[in-house]
Amino acid sequence: MKKTAGSKGKKVGFQLMAEPGSEVFVTGTFNNWDPKQYPMRDNPNGGLYKTTLVLPPGRHEYKFVVNGKWVMDPNCPETVPNGQGSQNSVLDA
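Because the structure is predicted, anything quoted here is derived from the model rather than measured. (Residues numbered from 1 in each chain as written. Predicted model: local features only at pLDDT ≥ 70, side-chain atom pairs only at ≥ 80, totals over all residues. Heavy atoms only, no water.)

Comments concerning the pattern of salt bridges
Logical step 1: Under the counting rule described, the total for this entry stands at 3 salt bridges.
Logical step 2: In this structure, K36 engages E23 in a salt bridge whose closest nitrogen and oxygen atoms are separated by 3.3 Å. Placement of the pair is K36 in the loop between strand 3 (24-28) and strand 4 (38-39) and E23 in the loop between strand 2 (10-17) and strand 3, with a sequence separation of 13 residues.
Logical step 3: Of the residues examined, K36 reaches a relative accessible area of 51% and is grouped as exposed.
Logical step 4: The exposure class assigned to E23 is partly exposed, which follows from its relative accessible area of 42%. (Salt bridge = Lys/Arg side-chain N within 4 Å of Asp/Glu carboxyl O. Helix = DSSP H or I, 4+ residues; strand = E, 2+ residues; numbered from the N terminus. Buried < 20%, exposed > 50% of the residue type's maximum accessible area, 1.4 Å probe, protein only.)

Some words on the environment of S86
Logical step 1: Position of S86 relative to the elements: it lies in the loop between strand 9 (79-81) and strand 10 (87-92).
Logical step 2: Those residues within four positions of S86 in sequence are excluded, and the remaining contacts are K63, V80 and P81.
Logical step 3: Within the structure, S86 has its side chain in polar contact with the side chain of K63 (distance 3.0 Å).
Logical step 4: Here N82 takes part through its side chain, which lies 2.9 Å from a polar atom of the side chain of S86. (Contact = heavy atoms within 4.5 Å. Polar contact = N/O pair within 3.5 Å; in protein donor to acceptor, adjacent residues only side chain to side chain.)

Focus on unusual backbone geometry
Logical step 1: Residues other than glycine seldom take positive phi values, yet N32 does so here, at roughly 55°.
Logical step 2: With a phi close to 60°, W33 is a non-glycine residue in the positive phi region.
Logical step 3: Mapped onto the elements, W33 comes out in the loop between strand 3 and strand 4.
Logical step 4: For W33, a relative accessible area of 25% puts it in the partly exposed group.

Listed below in structure tokens is the structure:
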């Protein structure tokens, strides 16, 4: 994930490799874990899904949802337990 400063928060780029044709979303504490609010786009049909969000300053937990399955960010080194028996990825915006 990449971060750049903005007036209302930081632009954060998310990306994830997944099977071409998949339905991929990013979700987290920044959108009350809505699994369908932020779709990611395949660039171009090669399996690299991307999106950029403007997040408020602070610490955010997040995951990807790939074809209905919740997935951690394999490129994020920081994780925390989520109380559901798995881990969430963490970023500081």
